[in-house]
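If you want the building blocks of each chain, they are given just below.
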Amino acid sequence: MRGPSSSHTAASWRIARIALELLNHPLEKALIEFDRDGAWAPNYREQGTTMGINGGLLGLEITDERMKDTEHYARQQGITIEYQVSSFPTNHANTARLTLWGKSKKRVQVIAVSVGGGSFEITSVNGFPVQLHGDLYGIILFAQNKPDVREELKSIIPSEVKFTTEQKENIIKYELKSSNPFSTDLITRLKTNPAIDEISVIKPIMPITAGKQTKMPFTSIQSLLDYAEKEESDLGNLGLVYERCMSGIGVQELKDKMNEVIDIIHNSLDTGLNGTHYTDRILPQQSHLIGQAEEEGKIVHSVINRIIENVSALMESKSAMEVVVALPTAGSCGTVGGSLRAISENLSSSREELNKAYFAAGIVGAYFAQGPGFSAEEHGCQVECGAASGMAAAGIVQLMGGTAKQALDAASMAIQNMIGLVCDPVADRVEVPCLGKNISAAVNAYSSAIMSIAGFDAVIPLDQVIQTVSSVSKTMPACVKCTGKGGLAITETALNIKNKLKGYSIQKGLKTNKRTK
Ligand code: SF4
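Residues numbered from 1 in each chain as written. Predicted model: local features only at pLDDT ≥ 70, side-chain atom pairs only at ≥ 80, totals over all residues. Heavy atoms only, no water.

Enquirer: When you look at the sheet that holds strand E6 (residues 128–132) in this model, what are you seeing that I'm missing?
Expert: Sheet strands associate in pairs through backbone hydrogen bonding, adopting either a parallel or an antiparallel arrangement. The mixed open sheet is built from 6 strands, whose spatial order is E2-E1-E3-E4-E5-E6. The open sheet terminates on both sides in strands that have one partner only, identified here as strand E2 (80–86) and E6. Across the sheet, the mean angle separating the axes of adjacent strands is 25° when strand polarity is ignored. Pairing analysis gives 6 bridges linking strand E4 (residues 107–116) to strand E5 (residues 119–125), with the strands arranged antiparallel. Residue pairing across strands places Ser114 opposite Phe120, the latter belonging to E5. Each of strand E1 (27–35), E2 and strand E3 (95–102) is contacted by helix H2 (residues 49–57), which is oriented at about 150° to E1, the strand it contacts most. (Pairing = 2+ DSSP bridges. Helix = DSSP H or I, 4+ residues; strand = E, 2+ residues; numbered from the N terminus. Axes fitted to C-alpha atoms, helices over the stretch in contact; angles between N-to-C directions. Contact = heavy atoms within 4.5 Å.)

Enquirer: Hey, could you run me through helix H6 (residues 221–231) in this one?
Expert: Two residues of an α-helix separated by three or four positions point the same way, owing to the 3.6 residues in each turn. Looking at H6, one finds that the buried residues are Ile221, Leu224, Leu225, Tyr227 and Ala228. In an axial view of H6, the angular spread of the buried residues amounts to 160°, which keeps them on one side of the axis. Set apart from the buried face of H6 by more than 90 degrees, the exposed residues are Glu229 and Lys230. Buried residues belonging to H6 abut helix H7 (235–247), helix H12 (351–370), helix H15 (404–416) and helix H17 (462–475). Count one or two residues on from H6 and you reach Glu232, which has phi positive near 50°. (Buried < 20%, exposed > 50% of the residue type's maximum accessible area, 1.4 Å probe, protein only. Arc of directions from axis to C-beta.)

Enquirer: Even after reading the chapter, I still don't get the sheet that holds strand E8 (residues 162–168), so can you show me in this structure?
Expert: Spatial strand order, E8-E9-E7-E10: 4 strands in an open sheet with antiparallel pairing. The open sheet is flanked by E8 and strand E10 (198–202), the only strands paired with a single partner. The mean angle between the axes of side-by-side strands here comes to 15°, regardless of whether they run parallel or antiparallel. Relative to E10, strand E7 (residues 137–144) runs antiparallel, the two being bridged by 5 bridges. Bridged to Ile140 within E10 is Ser200. In this fold helix H1 (residues 6–23) packs onto E7 and E10, with an angle of close to 145° to the strand it touches most, E10.

Enquirer: I keep staring at helix H14 (residues 385–399) and nothing clicks. Help me out?
Expert: When the terminal C-alpha atoms of H14 are compared, their 20 Å separation across 15 residues agrees well with the 21 Å that a helix rising 1.5 Å per residue should span. In terms of burial, H14 is a largely internal element, 15 of the 15 residues being buried. Count one or two residues on from H14 and you reach Gly401, which has phi positive near 85°. (Expected span 1.5 Å × (residues − 1).)

Enquirer: What's the story with the site of the ligand in this structure? I'm lost.
Expert: In the neighbourhood of the ligand, the contacting residues comprise Gly331, Ala376, Cys381, Glu384, Cys423, Asp424, Pro425, Val430, Cys434 and Lys437. Of the residues assigned to the shell around the ligand, the class counts are 6 nonpolar, 1 polar and 3 charged. (Near = heavy atom within 4 Å. Nonpolar A, V, L, I, M, F, W, Y, C, P; charged D, E, K, R; others polar.)

Enquirer: Could you clarify how one ought to interpret the pattern of salt bridges in this entry?
Expert: Following the criterion strictly, the structure yields 29 salt bridges and no others. For Glu151, the salt bridge is made with Lys154, and the minimal N-O distance between the two is 3.5 Å. In this pair, Glu151 and Lys154 are both assigned in helix H4 (residues 150–156), 3 residues apart and thus about one turn of the helix distant. Between Glu231 and Lys230 there is a salt bridge, and its shortest N-O distance comes to 3.8 Å. On the basis of relative accessible area, Glu231 is assigned to the partly exposed category, the value being 41%. Taken together, the shared-partner salt bridges connect Arg2, Glu65, Lys68 and Glu322 into one network. (Salt bridge = Lys/Arg side-chain N within 4 Å of Asp/Glu carboxyl O.)

Enquirer: Just to check I follow, could you spell out the packing of helix H8 (residues 251–274) against helix H11 (residues 335–347) for this structure?
Expert: Helix-helix packing is described using two parameters, namely the angle between the two axes and the distance between the axes. Between H8 and H11, whose axes approach to 10 Å, the crossing angle comes to 85°. As summarised for this structure, H8 and H11 are arranged roughly perpendicular, according to the angle between their axes. Two secondary-structure elements touch here, H8 through Ile265, His266, Leu269, Asp270 and Leu273 and H11 through Gly337, Gly338 and Arg341. Residues that form the contact of H8 with H11 fall into these classes: 3 nonpolar, 3 polar and 2 charged. (Parallel < 35°, antiparallel > 145°, perpendicular 65-115°, else oblique.)

Enquirer: For this particular structure, what's the right way to read the environment of Phe88?
Expert: Relative to the assigned elements, Phe88 resides in the loop between E2 and E3. Residue classification places Phe88 among the buried residues on the basis of a relative accessible area of 6%. Along the sequence, Phe88 and Met206 sit 118 residues apart, while their C-alpha atoms lie 28 Å from each other. Residue contacts for Phe88: discarding those within four places in its chain leaves Glu33, Phe34, Asp35, Thr95, Ala96 and Arg97.

Enquirer: I would appreciate a short explanation of the packing of aromatic side chains in the present structure.
Expert: Aromatic rings in a pair are described by how distant their centres are and how their planes are angled relative to each other. The tally for this structure, following the rule as stated, stands at 9 aromatic pairs. Seen from their ring centres, Phe34 and Tyr44 are 4.7 Å apart, and the 35° between their planes marks the pair as tilted. Here Phe34 is found in strand E1, whereas its partner Tyr44 is found in the loop between E1 and H2, with 10 residues between them in sequence. On the basis of relative accessibility, which here comes to 0%, the residue Phe34 falls in the buried class. The interplanar angle of 10° and the centroid separation of 5.7 Å between the aromatic rings of Phe368 and Phe374 together place this pair among those described as stacked. An identical accessibility class is assigned to Phe368 and Phe374; each is buried. In this structure an aromatic cluster arises from ring pairing among Phe34, Trp40, Tyr44 and Tyr83. Positioned over the ring face of Tyr73 is Arg66, at 4.8 Å from the centre of the ring. (Phe/Tyr/Trp six-rings, centres within 6.5 Å; stacked < 30°, edge-to-face > 60°. Lys NZ or Arg CZ within 6 Å of the ring centre and 35° of its normal.)

Enquirer: Which parts of the structure should I look at to understand the pairing of E5?
Expert: Regular strands place their side chains on alternate faces of the sheet. In this structure, the hairpin formed by E4 and E5 is closed by a connection of 2 residues, where Gly117 is found at a positive phi of approximately 65°. Across 3 bridges, the pairing between E5 and E6 is antiparallel. The residue bridging Ser124 from the neighbouring strand is Pro129, located in E6. Hairpin connection, E5 to E6: the antiparallel pair is bridged by 2 residues, and Asn126 has positive phi, about 50°.

Enquirer: What's the story with the nonpolar core in this structure? I'm lost.
Expert: Across soluble globular proteins, you tend to see nonpolar side chains buried next to one another. Counting residues in hydrophobic clusters, the biggest one holds 124 residues, and the most contacted among them are Phe218 and Leu235. No other element matches H12, which puts 11 residues into this core. If we ignore the near neighbours within four places in the chain, the residues touching Phe218 are Ser223, Leu224, Tyr227, Leu238, Val241, Tyr242, Ile363 and Tyr367. Judged by nonpolar contacts, the second largest core, of 18 residues, contains Val161, Leu176, Leu190 and Ile199. (Core = buried A, V, L, I, M, F, W, Y, C linked by side-chain atoms within 4.5 Å.)

Enquirer: Just to check I follow, could you spell out the pairing of E1 for this structure?
Expert: For E1, the tally of buried residues reaches 7 of 9 residues, placing the bulk of the element in the interior. Relative to E3, E1 runs antiparallel, the two sharing 7 bridges. Bridge pairing links Leu31 to Thr99 in E3. Sheet analysis places E1 next to E2, joined by 7 bridges and oriented parallel.

Just distances and angles here, no functional claims.
Here's what the structure looks like:
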């Protein structure tokens, strides 16, 4: 993805792409609303929600260079996209209401929630409740003042397709969901059915399509450890088993996909090291300062230096709107990639070993996703840099040749050290204190891995640590959950920086060189 925040930018982009498919007509204008009491209202421009939604509505890929300036591209296309803070019922801090009008005057209204790390749920379409997560093929049909044809439709819909209907007054919604693409013949028959007014065909937007799961040989973290002991398997292998069972994809294809992810991360890292520039940024390029300090003899060479350098380079790429992997989020994109590259180079690990380390990190992320998830607006930075630190610790143990238990204990220790971490970005930019938190998370991952391999006792098992993250977040005030209303974000210096940046959005940052820091 490009953009500063996965929950703001990647999820918004995905929501907008599906809203566009629901409209199913060329877009003329859109109104995007955020609830005034939600977490998005104060920072939707600065944290890249507008960038994501604009890009999605304009049909751009999220890695497209034009994502850096979607406002300009929208003007070129003659499409009006307005943003407004309103008041409407929500049950999640990250809720947006999108109303789209096509050139044909067709209108569609979507309510959607971003749940962290780029995941989302569309909860309503034209006032009808839905549950769209972007991981299935879907067809939504609307009919007004037409006979109910559900029985007729059932007779032409394949049995594996989930089919539901709902009626409100004189409008009927028919909904189809499937793990496989719908046949052209079925779509044509639905389109030409006189009892149907509108048809929207939705393609999956998540990287893995749901519904192809096979039976997992372990479920809980304890059963995973039992399985690891019985099979004498390390965590990297178990991560691969987990992904295979969840996706239905073969081992080699999964390894290839992981290698693609690693290539993107390494490209982002190299881009950062080569130097990035973006005007609307708090921090200048700093990743080069570590090597410079080594050359000048100010600091001695160490693997920690490489971790700091790598994490900084990834964060700088993110802040320059270059392509990054949200791992598990864009705000915490430096921790796993930066530490695993530094340690793998230090150990001269093979690509195969690095690939396995990413699967080890991935399964920790998967268990974390089943717990609190990755939304800083709900849980603070403990689910961004905290989760990333646990993932990185497991990956580092894997690189060092440790056991599955050592990897999970390292993840436990790393996350224990980050519980309660607040989210308080200065001037709503994901830079300060995000850079320092990513570096701390990566170094914390390294020390936790070393402690675990050396035989230190993690004491609290990983599953209980993850549960604690959820329970602690309930006691954290909303002002330190990515709202810009607490912590470092309201220091005198932070407010001065925010004031200087006023009027700039990340979209405008590229176009002007006038602002001085
Ligand atoms: S403080 Fe942490 S959670 Fe908040 S924006 Fe920065 S990296 Fe993300």
